[in-house]
Amino acid sequence: MKFWDFQTSARRRTWGLLAAFALLVLGIAVGVHLVLALVFWTPALVAVAFSPLRLEQVAVHYPAGFLATNIGIVTLMVLGGAWIKRSNLRQGGLHLARQLGARALRPSVSHAEQQYQNIVDELCIAAGARRPQAMVLPRDLSLNAFAAAWEAEDAVIVVSMGALEYLSRDELQAVVAHELSHLHEGDTRLNMELAGYVFGLEMLFNYGRDWVERGVSLFGRPLMAVGWLGWLAAQALKAAVSRQREYLADARAVQWTRNPDGMGRVLRKALWQQDYPMQAGALQSRGGAAGAYAPLVEHMLLVEVHSTEEMHDFWHLGGARWLASHPSLEERIARIYGEEDAREALPLQDPDKRWVNPFTAPLPLGKPEAS
């Protein structure tokens, strides 16, 4: 894996997508103005169509401050949405992690959690990064993790209990390095900012719907149309940015661990869980890990998770890849190993010999036999 090239490419594409996002917001403001201007022109156009009057004989008068008001509405919605979403993380990553059911490590009673803590310490020293709070999702037996932070002081990394149970030390090290990259690059804050702007465009749609419900369809429906199209385009751009940040975090994990196979094996095991849900059914504890699949953190997860209902929901368009917050696991694996050497899914345990993480294996119950 040419991780330096992939990092440069991911950063360059991210900036290009952010520029496109800014142009989209500007285009939405112009679109709202043009659509509302058309509303004012509608009576004149009707008069020209059904009378001998010519277009130049019909006068259209806009209210005072028409342009400023239209642009102000869009600006207020977008910035207001960003402010609302921003408030979700202002209390810090630790607060968010606890809301989702994560708890602090217990290294004194669990070898696996002691190992996890050691890995975080080692990688922070190697990367020259500030040490985040390390936490675990105790009832989530899938392979997943996420990082959250608003400021460096409140950064937190959370891994699932399944990651502690089913990953080797090298694999867990790759997971932690991936999440440290998100913190190092400020991806959590970036994604929350973009989510806020998308939410603002959704508010524009809702504003138009309110006017429709009041019986002013001529004004409300154009706002709904522009708001929905803007929301859809913004969702696609936000998802594209998130996918580039995942590629960047994978490349960072390879750089910091110097072990491409560590990250590769994690993704191959996650692919096995995805491709063989029946065999991995015992590990898909959705009820106990509902927090990890909440929309608030879906873009923060190591591995994207969708329920069956979401895949068939209209807004997800059948799980369309251009709205996905993560690249497919196959694409991420191919980037690590190379297209010509792509690897297949890797079972969590060897089918011929059940592998047990020695750090999480229970102590023997019986007394040792006398020699």
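Residues numbered from 1 in each chain as written. Predicted model: local features only at pLDDT ≥ 70, side-chain atom pairs only at ≥ 80, totals over all residues. Heavy atoms only, no water.

(A) Representation of the nonpolar core within the structure. Ranked by size, the top nonpolar core spans 43 residues in total, and within it Tyr 116, Ile 157, Val 159, Leu 164, Val 176, Leu 180 and Met 263 carry the most contacts. If sequence neighbours within four positions are ignored, Leu 180 has contacts with Leu 123, Cys 124, Pro 132, Ile 157 and Trp 256. Among the nonpolar cores identified, the runner-up in size contains 26 residues, and Phe 21, Ile 28, Ala 29 and Ile 73 belong to it. (Core = buried A, V, L, I, M, F, W, Y, C linked by side-chain atoms within 4.5 Å. Buried < 20%, exposed > 50% of the residue type's maximum accessible area, 1.4 Å probe, protein only. Contact = heavy atoms within 4.5 Å.)

(B) Local environment of a nonpolar patch on the surface. A cluster of nonpolar side chains, namely Leu 23, Leu 26, Val 30 and Leu 34, defines an oily patch on the protein surface of about 410 Å² accessible area. As for its placement among the helices and strands, Leu 26 is situated in helix H1 (residues 3–49). (Patch = residues over 30% accessible without salt bridge, like charges linked within 9 Å, V, L, I, M, F, W, Y side chains within 5 Å. Areas by Shrake-Rupley, 256 points an atom, 1.4 Å probe, with all protein chains shown as cover. Salt bridge = Lys/Arg side-chain N within 4 Å of Asp/Glu carboxyl O. Helix = DSSP H or I, 4+ residues; strand = E, 2+ residues; numbered from the N terminus.)

(C) Quick peek at unusual backbone geometry. The residue Arg 258 is not glycine, and still its phi comes out positive at about 55 degrees. Locating Arg 258 in the fold gives a position in the loop between helix H8 (217–257) and helix H9 (260–275).

(D) Representation of a negative patch on the surface within the structure. Taken together, Asp 275, Glu 330, Glu 331 and Glu 339 make up a surface patch of like negative charges. Residue placement: Asp 275 occurs in helix H9. (Lys, Arg positive; Asp, Glu negative; His and termini not counted. Charge placed at Lys NZ, Arg CZ, Asp CG, Glu CD.)

(E) View of the packing of aromatic side chains. Counted according to the given criterion, the structure contains 2 aromatic pairs. Aromatic pair Phe 21 and Tyr 197: ring centres 6.2 Å apart, planes at 50 degrees, arrangement tilted. Of this pair, Phe 21 sits in helix H1 while Tyr 197 sits in helix H7 (residues 187–213); the two residues are 176 residues apart in sequence, bridging distant segments of the chain. The lysine or arginine in question, Arg 214, covers the ring of Trp 211, its NZ or CZ lying 5.1 Å from the ring centre. In this arrangement the basic side chain of Arg 335 is found over the ring face of Tyr 247, its NZ or CZ atom lying 3.7 Å from the centre. (Phe/Tyr/Trp six-rings, centres within 6.5 Å; stacked < 30°, edge-to-face > 60°. Lys NZ or Arg CZ within 6 Å of the ring centre and 35° of its normal.)

(F) Spatial organisation of the sheet that holds strand S4 (residues 156–160). Spatially, 4 strands are ordered S1-S2-S4-S3 in an open sheet, and the strand pairing comes out mixed. Only two strands of the sheet have a single neighbouring strand rather than two, namely strand S1 (103–104) and strand S3 (145–148). Pairing of S3 with S4, which is carried by 4 bridges, proceeds in the antiparallel orientation. Paired with Ala 147 across the bridge in S4 is Ile 157. (Pairing = 2+ DSSP bridges.)

(G) Region of interest: the side chain of Asp 187. Among the secondary structure elements, Asp 187 is positioned in helix H7. Looking at Asp 187, its side chain comes within polar contact range of the side chain of His 182, at 2.8 Å. A polar side-chain atom of Asp 187 sits 2.7 Å from a polar atom in the side chain of Arg 245. Excluding its chain neighbours within four sequence positions, the residues that come into contact with Asp 187 are Ser 181, His 182 and Arg 245. (Polar contact = N/O pair within 3.5 Å; in protein donor to acceptor, adjacent residues only side chain to side chain.)

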